[in-house]
Structure formats: structure tokens, C-alpha cells
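So you can see what is in the structure, the chains are spelled out below.
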Amino acid sequence: MSLVTLTEILTPAEKGHYAVGAFNANNMEIVQAIIGAAINQNSPVIIQASQGALKYAGLEQVTAMVRAAAQKSSIPVCLHLDHGTDFDQVMRCIRAGFSSVMIDASAYPLKENIRRTKEVVAVARAVGVSVEAELGRIAGTEEQIDVSEREAFLTDPEEASIFVRETGIDALAVAIGTAHGPYRGEPKLDLRRLEAIKSSINIPIVLHGASGVPAETIRAAVERGVSKINIDTELRQTFTARMRQILASEPDEYDPRKILGPAREALQRAVEEKMILFGSAGKLPSEAKK
Ligand code: G3H
Ligand code: 13P
Ligand code: ZN
């Protein structure tokens, strides 16, 4: 089917108390693995591209690949811009055919974050595209944040309520202790804060940096109302590990299809496991599968 918005995917997820994975794609094999997993698991899916992915693979190519893959089945697929940092980038994605965008102005103070986010919402709303925005700061695991600083980075539930009301966004990315990239130790999520945010806003909540978060913590976050879960690092690790394995066991192999094909299969299995964990597997009527 044609692409659907984030709201079309997250409204049933919120009602059904499950989360939908938002998987980052950087090339054709990754797109195919994600869509293949959604078809196998009869799950709605969000494919997202970062600005880095668009620079690497090309905006038009990414849009065309996801569209073509989505049209081959009746699975609802949302094509989402991940961490768009400026208005122009967001507009380029909307014009290219993205059904959802993230404007990440979380590095700015609240007032400026609101202003920049509102500017995007005004345009996106007019053309039927969903908007995710971020409040608080989701750091990278490589950043050294001291325990006393940590609190200041996390999303404040009262500010969240103001932010959502003033901007009119469709989904809110929250900082509750996750970070982008591989964790050194076990991530500690502030689930009480998540509960407080959930009760102060009435739109879907997004968990970034979910690679490496233990399954029971993911379940706890979903139970407390997270409905979009972003995964990138684990996909890269799975894909690359399988390529490394093949290159090591068959050093004379020169056909990229024999290296990338098995990596795609391994990735599809990993995505299917996430869909089962998040609870989105099997959530579509069986005729959605083709
Ligand atoms: O949130 C960050 C995503 O993992 C994208 O990373 O900018 O390296 O594509 P990237
Ligand atoms: P990870 O790479 O840590 O899974 O984070 C992904 C993400 O949040 C993309 O926005
Ligand atoms: Zn992120």
C-alpha cells in the first residue's frame, strides 16, 4: 500500500498498548530486511532515515526504495525523517514524499525549541505529514555525562505538557535515560518520569536509543505508554557481524550478493524479534499480508 503517516500507525498502537519499531535504514538491503520482517510478522512498521542516511544513499533513492517496497504488500509503512535539525531539511523530505518527519530542536532552550517546532508543524499539517519533536536531550553513549548533570538532560513532565500544547506535534521523543549508540553498562531508565510524562500529555511517546536496552526494560516502557521505539545501532551490528563472518570464512568471495544477502537475512530475523518484543507482531488483519 502507499505510505501512511506516523499518526495512522501510532493511534492503534496506543489503543492496543503495544509499540511499533522505527528502524533506521541506510541502504537497499536494510530497507528490504525491515519490510520483509513486517510482512512475515504481520506488523505495521516505521522506516526512518537520518540526515546522514540521506546524504549517504540520496533522498530520492531512499524515498523510491521505501515506496517500492511498501507497495509490494498491504502492510502499513511510514517513511519518517529521523532527527531533522532544520526547517529546510524537513521541507526537502516532505517534498520528496516522506509521510512523517522529526524536527529535533532539542539543543535549543524551550522557547526556541517551541518556535522551531511550530514552524514545521504549520507546514506539515497543511500537507498531511506527521511531526515528531524532542524535548530534553538524548545524548550519545560516547558523551560523558555526570550523574548530577543527568537530571538536567531528562524531559521535564510539566515542560512536556507545555511543549505539546504549544506546538501541536503528533509524537514526543523523551529523554528518560537512554542514549544513542552502544551502551557501556546497563542503561538505567527513569520509569517514574516516563509515567509522569505519560499522564501530562495526550500524544504518543517515542523512545530513542533503544539498542541494547534489555527486553524487560523495553516491556516496562511499553507498559507505561511508549508507542514508538527507535533502533539503529543493533541493526548495524547484526548486519555487519554477518558480513564479517562471511568475509572471514570465505575470503575469496567477491560477489557482493553472497555477502550482503546473508547479512540481509540475519537483519530481517533481528527485526522480527524486535517486532515480537514490542508487541506489534500480528497486529494487522491477516489479509494485510500478501
Ligand atoms: O539517532 C541517530 C541515528 O542512529 C542515526 O545515526 O546519523 O549515524 O545515521 P546516523
Ligand atoms: P540506537 O542507535 O541507539 O538504537 O538509537 C536509534 C535512534 O534513536 C534513532 O533515532
Ligand atoms: Zn534518536
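For the structure given in this document, a descriptive report is provided here. (Residues numbered from 1 in each chain as written. Chains lettered and ligands numbered in written order. Predicted model: local features only at pLDDT ≥ 70, side-chain atom pairs only at ≥ 80, totals over all residues. Heavy atoms only, no water.)

1. Considering the nonpolar core
So, point 1. Phe23, Val77, Val101, Ile169, Leu172 and Ile229 are the most contacted members of the largest nonpolar core, which totals 74 residues.
So, point 2. Of the residues forming this core, the biggest block, eight residues, is contributed by helix α2 (residues 28-41).
So, point 3. Among the nonpolar cores identified, the runner-up in size contains 17 residues, and Val4, Ala171, Ala173 and Ala175 belong to it. (Core = buried A, V, L, I, M, F, W, Y, C linked by side-chain atoms within 4.5 Å. Buried < 20%, exposed > 50% of the residue type's maximum accessible area, 1.4 Å probe, protein only. Helix = DSSP H or I, 4+ residues; strand = E, 2+ residues; numbered from the N terminus.)

2. Brief notes about the side chain of lysine 274
So, point 1. Its place among the elements puts lysine 274 in helix α12 (residues 256-278).
So, point 2. Among the polar contacts made by the side chain of lysine 274, one reaches the side chain of glutamate 234 at a distance of 3.1 Å.
So, point 3. Setting aside residues up to four positions removed in sequence, lysine 274 forms contacts with Phe23, Ile231 and Glu234. (Polar contact = N/O pair within 3.5 Å; in protein donor to acceptor, adjacent residues only side chain to side chain. Contact = heavy atoms within 4.5 Å.)

3. Considering the site of ligand 2
So, point 1. Among the 15 residues in the neighbourhood of ligand 2, the closest are listed as Asp82, Gly209, Ser211, Asp232 and Thr233.
So, point 2. The backbone of glycine 209 places a nitrogen or oxygen atom 2.9 Å from an oxygen atom of ligand 2.
So, point 3. In the environment of ligand 2, an oxygen atom lies 2.9 Å from a nitrogen or oxygen atom belonging to the backbone of aspartate 232.
So, point 4. The protein chains hide 96% of the 300 Å² of surface that ligand 2 would expose on its own.
So, point 5. The set of elements that each furnish at least two residues to the shell around ligand 2 consists of β3 (77-84) and β8 (226-231). (Near = heavy atom within 4 Å. Areas by Shrake-Rupley, 256 points an atom, 1.4 Å probe, with all protein chains shown as cover.)

4. Some words on the packing of helix α6 (residues 110-126) against helix α8 (residues 157-167)
So, point 1. The geometry of α6 relative to α8 is characterised by a closest axis approach of 9 Å and an angle of 30° between their N-to-C directions. Remark: the crossing between α6 and α8 carries right-handed chirality. Together, Leu110, Asn113, Ile114, Thr117, Lys118 and Val121 of α6 and Glu159, Ile162, Phe163, Glu166 and Thr167 of α8 make up the contact between the two elements.
So, point 2. When the residues that make up the contact of α6 with α8 are grouped by side-chain class, the tally is five nonpolar, three polar and three charged. (Axes fitted to C-alpha atoms, helices over the stretch in contact; angles between N-to-C directions. Left-handed = near helix turned anticlockwise from the far one by under 90°. Nonpolar A, V, L, I, M, F, W, Y, C, P; charged D, E, K, R; others polar.)

5. A closer look at the sheet that holds strand β5 (residues 130-135)
So, point 1. With respect to topology, eight strands assemble into a closed barrel ordered β1-β2-β3-β4-β5-β6-β7-β8, the strand pairing being parallel. With strand direction ignored, the average angle separating the axes of adjacent strands in the sheet is 25°.
So, point 2. Direction of pairing for strand β1 (residues 20-24) relative to strand β2 (residues 45-50): parallel, over a ladder of three bridges. Looking at the pairing, alanine 22 lines up with isoleucine 46 of β2.
So, point 3. Packing against the sheet, α8 makes contact with β5 and β6 (171-174), and its axis sits at approximately 150° to β5. (Pairing = 2+ DSSP bridges.)

6. Examining the packing of aromatic side chains
So, point 1. Taken as a whole and judged by the stated rule, the model has zero aromatic pairs.
So, point 2. Seen from the ring of tyrosine 108, arginine 116 lies directly overhead, with NZ or CZ sitting 4.0 Å from the centre. (Phe/Tyr/Trp six-rings, centres within 6.5 Å; stacked < 30°, edge-to-face > 60°. Lys NZ or Arg CZ within 6 Å of the ring centre and 35° of its normal.)

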